[in-house]
Amino acid sequence: MISTFACGEFQETDRTTVGAIPTGPAFAGGEACARCHRTETDLWSVSHHDLAMAEATAATVLGDFDDTTFTYARTTSTFFERDGGFFVRTDGPDGELRDYPIAYTFGAELLQQYLIEFPGGRLQALSICWDTRPAAEGGQRWFHLYPDEEIDHTDPLHWTGPQQN
Ligand code: HEC
């Protein structure tokens, strides 16, 4: 992935340096940019922007995945860890409960969302988020983005639908 990344105009001017054109979209990761953009990488890594999206690991996941449950619209979702990965058992596109591995974290301050991979290269954002504020400020809890509605799998706003892609 790193060697196949081609960057904007650079690709036009020097294809031999950047190598083959990528065969499909893939997450390159910040390291892929650092060897040519050292200054930008140093500035970026101390900003909050480097926390915008990350692979879900023990280092990046802030939510409580210790078999925690959250009930919304008559569905109880469970957040848990298995084999070193992070999972949510929640309602899928047909409303049935399923276990979904968390692929990426999305954001880090005030709230953190979780992205789940679906066929066709889709990433869907779970509507249940983790409030990352300290407990004293009302945080450290799961909450739903549409607390006053009852969004189920038939709703266009359901987390598996195009609106949450
Ligand atoms: C092999 C070296 C190389 C790598 C790797 C590389 N870039 Fe670049 N990038 C360049 C060069 C050279 C330019 C300037 C091109 C120009 O001005 O014609 C550039 C320009 C850019 C620009 C435009 C900056 C502007 O002022 O318009 C952005 C944005 C950018 N790169 C982002 C990235 C990102 C994000 C990555 C990693 C995913 C990356 N680059 C990886 C060499 C690289």
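Asker: Tell me about the overall build of the protein, residues and numbers included.
Answerer: Secondary structure summary: the protein contains 4 helices and 10 strands in total. Seen in sequence order, the protein has helices and strands lined up from the N terminus as α-α-α-α-β-β-β-β-β-β-β-β-β-β. The burial tally for the protein puts 36% of its 165 residues in the buried class. At a minimum sequence separation of 6, the contacts of the protein that also span at least 24 residues come to 41%. Here the protein displays about 10200 Å² of accessible surface, and carbon together with sulfur accounts for 54% of that area.

Asker: A description of the nonpolar core should follow, citing residues and the corresponding values.
Answerer: Core analysis: the largest hydrophobic core is formed by 20 residues, its most contacted members being Phe65, Phe79, Ile102, Ile116 and Trp142. Mapped by element, the contributors of at least two residues to this core are strand 2 (68-72), strand 4 (85-91), strand 7 (111-118) and strand 9 (128-131). Among residues more than four places away in sequence, those in contact with Ile116 are Val88, Tyr100, Pro101, Ile102, Arg122, Leu123, Gln124, Leu126 and Trp159.

Asker: Go over the pairing of strand 2, please, and point to the residues and values.
Answerer: Of the two faces of strand 2, only the one carrying Thr68, Phe70 and Tyr72 is buried; Thr69 and Thr71 on the other face are not. Relative to strand 3 (residues 75-82), strand 2 runs antiparallel, the two sharing 5 bridges. Paired with Tyr72 across the two strands is Thr75, which belongs to strand 3. Hairpin geometry of strand 2 and strand 3 is characterised by an intervening segment of 2 residues between the two adjacent antiparallel strands and by a positive phi of about 50° at Ala73.

Asker: Could you give me a rundown of a negative patch on the surface, with the residues and numbers involved?
Answerer: A grouping of Asp64, Asp66, Asp67 and Glu81 is seen on the molecular surface, where their side chains present a negatively charged patch. Note on placement: Glu81 falls in strand 3.

Asker: Pulling in residues and values, what's your account of the packing of aromatic side chains?
Answerer: As enumerated under the stated definition, the model contains 11 aromatic pairs in all. An angle of 10° between the planes, with centres 3.6 Å apart, marks the rings of Phe79 and Trp142 as stacked. You can see Phe79 sitting in strand 3 and its partner Trp142 sitting in strand 10 (residues 141-144), a full 63 residues away along the chain. Trp142 shares its class with Phe79; the two are buried. Geometry around Phe87 places Arg82 over its ring, the cationic atom sitting 4.5 Å from the centre.

Asker: Which residues make up the environment of Gly29, and what values do they have?
Answerer: With respect to the secondary-structure elements, Gly29 resides in the loop between helix 2 (15-18) and helix 3 (31-34). The buried category is assigned to Gly29, whose relative accessible area is 15%. For the pair Gly29 and Met53, spaced 24 residues apart in sequence, the C-alpha separation works out to 9.8 Å.

Asker: Tell me about unusual backbone geometry, residues and numbers included.
Answerer: Here Ala73, not a glycine, exhibits a phi torsion of approximately 50°, which is positive. When you line up the elements, Ala73 lands in the loop between strand 2 and strand 3. On the accessibility criterion, Ala73 (13% relative accessible area) is buried. Here the phi dihedral of Asp83 falls at roughly 50°; this positive angle occurs in a residue that is not glycine. Mapped onto the secondary structure, Asp83 falls in the loop between strand 3 and strand 4.

Asker: Quick rundown of the pattern of salt bridges? Include the residues and the values.
Answerer: Summed over the entire model, instances satisfying the criterion amount to 7 salt bridges. Across the pair Arg133 and Asp131 runs a salt bridge, and its minimum N-O distance is 2.7 Å. Assessed through its relative accessible area of 28%, Arg133 is described here as partly exposed. Residue Arg141 is joined to Asp131 by a salt bridge in which the shortest nitrogen-to-oxygen separation is 3.2 Å. Remark: Asp131 occurs in strand 9 and Arg141 occurs in strand 10; sequence separation between them is 10 residues. Under the relative-accessibility criterion, Arg141 is labelled partly exposed at 36%. We classify Asp131 as buried; its relative accessible area is 3%. Within this structure, Arg82, Arg89 and Asp99 form a network of salt bridges that share partners.

Criteria and thresholds
Residues numbered from 1 in each chain as written. Predicted model: local features only at pLDDT ≥ 70, side-chain atom pairs only at ≥ 80, totals over all residues. Heavy atoms only, no water. Helix = DSSP H or I, 4+ residues; strand = E, 2+ residues; numbered from the N terminus. Buried < 20%, exposed > 50% of the residue type's maximum accessible area, 1.4 Å probe, protein only. Contact = heavy atoms within 4.5 Å. Areas by Shrake-Rupley, 256 points an atom, 1.4 Å probe, with all protein chains shown as cover. Core = buried A, V, L, I, M, F, W, Y, C linked by side-chain atoms within 4.5 Å. Pairing = 2+ DSSP bridges. Patch = residues over 30% accessible without salt bridge, like charges linked within 9 Å, V, L, I, M, F, W, Y side chains within 5 Å. Salt bridge = Lys/Arg side-chain N within 4 Å of Asp/Glu carboxyl O. Lys, Arg positive; Asp, Glu negative; His and termini not counted. Charge placed at Lys NZ, Arg CZ, Asp CG, Glu CD. Phe/Tyr/Trp six-rings, centres within 6.5 Å; stacked < 30°, edge-to-face > 60°. Lys NZ or Arg CZ within 6 Å of the ring centre and 35° of its normal.

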